[in-house]
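Chain by chain, the residues run as shown.
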Amino acid sequence: MVMEIVCPAGTPAALRAAVKAGAHTVYCGFADETNARNFPGLNFSRAEMTEGIAFAHSHGSKVLVAINTFPRAGAETIWHSAVSDAHAAGADAVILADVGLLAYAAEDHSDLRRHLSVQAAAANADVINFYAEAFGVKRVVLPRVLSVQEIAAINADTDVETEVFVFGGLCVMAEGRCSLSSYATGLSPNMNGVCSPATHVEYTQEGGDLAARLGGYTIHRVADGEPAPYPTLCKGCFHAGKKTGHVFEDAVSLNAEQLLPQLRDAGVTALKIEGRQRSRSYVSQVVKNFRAAVDALEAGRTLPEGMLARLAEGQASTTGAYRKTWR
Amino acid sequence: MELTVGANQFFWKPEQWAAFYGDLCTAPVDRVVLGELVCSKRLPFYQDQLPTAIERLMQAGKKVTLTSLALVTLKRERKMTSELAAMNIEVEVNDLTALAVLPKDVPFSVGPLVNVYNETTLAWLAGRGATRVCLPPELPLASVAVLTRAANDLGLEIEVWGHGRLPLAISGRCYHARLHGRTKDNCQFACEDDADGLAVETLDNQPFLAINGVQTLSASHASTAYQIEALQDAGVSALRLSPQSTGFVALCDLYRNRIMGKTDATELVAGIVAQNPDCQLSDGFLTGSRGSDWSGSSG
């Protein structure tokens, strides 16, 4: 079976572009704190969600609604409404991370398909089967800490479908288990749906250098005129021991296009592209390339090489944890 | 209010490990969580000392709990997690994998690395047999208060991160190995040289984080010195003190005096700073605008 391309859409325009470019599936979220890409000007109103889903369905594509932050104590109804509204809008599935929200959805919306978000960081077959048994989860988005061999081992031990990230921003930490951003800025992926938020970024000219700070912490310094990387915490430059450098990860993004045959052989059902914050032209181009690649793979043709390199952040890319030496 | 000693996050020499738990027998703490939380490669170095340490702590009147591993990916780690039950000691779940592989209907506790952010999650865990939950350190005081009220109705005890470097992230990648130009599989145990983690500073030389193998911690030591009354009022049952390589029993004494009302926040902080003058403190997750904020003027 052809691997399913799961494509991000931060706006209704991006959703339409993704569908037209050949995305089998699009994922998106409501314009509030219930999803992990809660950025200004991004995401869908209730009406836009209903229209977007109808558009996708009329073109044979599916829509998954990400409700993958962790509901705040005393305010869970905001997240419950998001699940109810996604159901009412005709979503093909919701992508959830929180145990309480999974329990709510399984109880009150049992006929709405449930996927386990990468934010749940379910990294082995035992825990994946546990989520399936407890909450009827049908698919898991695997955390970006696993090698291809480990993914194959998981698929051998579970009937739950697996979805893996193949392109875009790369979390270095186990997702949903990182509070670096709230330590430095007060805003976190788990609680607020943001990481290293732009509201806390500051660039300063300092004697021929450009310093980039997040929450007042200087994590990049480049000579004037050089491109200044965005100060994402885990891609920052630090002093540690007697060294200075990218302690956690270089300024790279994930590109696993050349691993598609291995991922297929490992039993992966769906390939996920990161980037709900991306433009519709970016989305369109990435989808076209990946759709062509999975179709080529299915037809037994060789994959075009380096098709996406120039779309990668900072021109540098990695296959991340899929190769064991990354660790 | 009780004091719990959390699982040691660091990799210590076996003799240091044994001495630490030996000393805890006479420390003014009620509960000790031990075992390997961070990296499965560390456990074999002190595994054979666990039964003795547990027995001595229990004889000294401490309640003892075994932690599960924080991130379970390998077959060996799945096995290690399922074997926890064989020790016949209560397990602290720090990855839901433990819930999946441990026998059902056996009471358990939930550690700070499980995402318990709301009442429904708490209720679901209680339904599965949870008896106490140490909340994630990221939670603000307002959430702690709501969850503690909900826990009372469910018959659960709530614990809060009381003191120590904050566990901010866990990864598949070992940062100690990376710093030494090695891979995780060939790490040569680079983390054993840093008994409290290796400092990570910003490019302006500002203390910021600390690496500990696959774990990333805060540079600052979180301290609830200024929040004890608020936490007591909220009904929090226990404070969690996170092991550090030096002065830990003295630190337990300082917190015991504080929760007994014998000292105030300023005196507690003065005690902490006297012991460790370079120690940077924080309580921003509970009350500040960000985790690294600190209510006090010093530290």
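Details of the structure are given in the entry above.
Residues numbered from 1 in each chain as written. Chains lettered and ligands numbered in written order. Predicted model: local features only at pLDDT ≥ 70, side-chain atom pairs only at ≥ 80, totals over all residues. Heavy atoms only, no water.

S.K.: Can you tell me about the interface of chain B and chain A, naming the residues and giving the values?
M.R.: In this complex, chain B contributes 68 residues to the contact, which on the side of chain A involves 67 residues. Roughly 5,500 Å² is buried in total at the junction of chain B and chain A, and carbon and sulfur atoms are behind 56% of that figure. Of all residues in chain B, R173(B), L203(B) and F208(B) bury the most surface against chain A, accounting for 13% of the area lost on that side. Put simply, chain B and chain A have nine salt bridges between them. For R78(B), the salt bridge is made with D157(A), and the minimal N-O distance between the two is 3.4 Å. Between the two partners, chain B and chain A, sit 47 residue pairs in polar contact (both at pLDDT 80 or more). If you list the elements that add at least two residues to the side of chain B that touches chain A, you get α4 (97-101), α5 (119-128), α6 (141-154), β7 (157-171), α7 (175-179), β8 (198-201), β9 (207-212) and β10 (215-223) of chain B. Among the elements that take part in the side of chain B that touches chain A, β7(B) stands out by supplying six residues, more than any other. Grouping the amino acids of the side of chain B that touches chain A by side-chain chemistry returns 33 nonpolar, 22 polar and 13 charged. Both strand β12 (residues 238-240) of chain A and β8(B) contribute to a ladder of two bridges, which runs antiparallel. Across the sheet, residue A240(A) finds its bridge partner in β8(B), namely V200(B). (Contact = heavy atoms within 4.5 Å. Buried area = accessible area lost by both parts, 1.4 Å probe. Salt bridge = Lys/Arg side-chain N within 4 Å of Asp/Glu carboxyl O. Polar contact = N/O pair within 3.5 Å; in protein donor to acceptor, adjacent residues only side chain to side chain. Helix = DSSP H or I, 4+ residues; strand = E, 2+ residues; numbered from the N terminus. Nonpolar A, V, L, I, M, F, W, Y, C, P; charged D, E, K, R; others polar. Pairing = 2+ DSSP bridges.)

S.K.: Mind laying out the pairing of strand β4 (residues 93-96) of chain A, listing which residues take part and the relevant values?
M.R.: Residue and element names in this part refer to chain A. Side-chain alternation along β4 places A93 and I95 on one buried face and V94 and L96 on a second face that is also buried. Relative to β4, strand β3 (residues 62-67) is paired through four bridges, and the arrangement is parallel. Bridging from a neighbouring strand, A66 pairs with I95 of β4. At this point the chain moves from β3, through helix α3 (residues 77-89), to the parallel β4, and the crossover so formed is right-handed. In the sheet, β4 pairs with strand β5 (residues 114-116) via three bridges, with the strands oriented parallel. Within β5, the position partnered with I95 by the bridge is H115. Crossover connection from β4 via helix α4 (residues 99-108) to parallel β5: handedness right-handed. (Buried < 20%, exposed > 50% of the residue type's maximum accessible area, 1.4 Å probe, protein only. Right-handed = clockwise from strand over helix to strand, strands pointing away.)

S.K.: Provide a residue-level description of empty space enclosed by the protein, including the pertinent values.
M.R.: Tallied over the entire structure, the rule returns seven cavities of 30 Å³ or more. Roughly 200 Å³ of volume is contained in the largest cavity. If you trace the largest cavity, you find 17 residues lining it, with R177(A), S179(A), L113(B), P167(B) and L168(B) closest to the centre. Among the secondary structure elements, those contributing two or more residues to the lining of the largest cavity are β8 (173-178) of chain A together with β7 of chain B. With four residues, β7(B) is the single largest residue contributor to the lining of the largest cavity. Of the residues contributing to the lining of the largest cavity, the split by class is 10 nonpolar, five polar and two charged. Empty space within the second largest cavity amounts to approximately 160 Å³. Here the lining of the second largest cavity is composed, by residue class, of 11 nonpolar, one polar and two charged. (1 Å grid on protein atoms, 1.4 Å probe; cavity = no way out; pocket = protein on both sides within 12 Å on 5 of 7 lines; lining within 4 Å. Points joined across faces, edges and corners; volume = space filled by probe spheres on them.)

S.K.: How would you sum up helix α3 (residues 75-82) of chain B? Please name residues and give values.
M.R.: Every buried residue of α3(B) is accounted for by E77(B), R78(B), M80(B) and T81(B). The arc that holds the buried residues of α3(B), viewed along the axis, is 160°, so those residues lie on one side. Opposite the buried face of α3(B), at more than 90 degrees from it, the exposed residues are K75(B) and K79(B). Buried residues along α3(B) sit against α5 (125-135) of chain A together with α4 of chain B. (Arc of directions from axis to C-beta.)

S.K.: So, the pairing of strand β15 (residues 270-273) of chain A: which residues are in play, and what are the values?
M.R.: Residues and elements named next belong to chain A. Residues A270 and K272 point to one face of β15 and L271 and I273 to the other, with burial holding for every one of them. Looking at chain direction, strand β1 (residues 4-8) and β15 are connected through three bridges and run parallel. Across the sheet, the residue bridging to I5 is L271, located in β15. Strand direction decides the pairing type here: strand β7 (residues 161-168) and β15, joined by four bridges, are parallel. For F165, the partnering residue across the bridge sits in β15 and is K272.

S.K.: Before we move on, could you go through the pattern of salt bridges and cite the residues and values that matter?
M.R.: When the charged atoms of two side chains lie near each other, side chains of opposite charge can form a pair. Enumeration according to the criterion identifies 35 salt bridges over all chains in this entry. A salt bridge links R78(B) to D126(A); its shortest N-O distance comes to 2.9 Å. On the criterion of chain membership, the pair formed by R78(B) in helix α3 and D126(A) in helix α5 is interchain, its members lying in two chains. Classification of R78(B) by relative accessible area gives buried; the value is 17%. The partner of R139(A) in a salt bridge is E163(A), and the shortest N-O contact between them spans 2.8 Å. Of this pair, R139(A) sits in strand β6 (residues 139-141) while E163(A) sits in strand β7; the two residues are 24 residues apart in sequence, bridging distant segments of the chain. For E163(A), a relative accessible area of 0% corresponds to the buried category.

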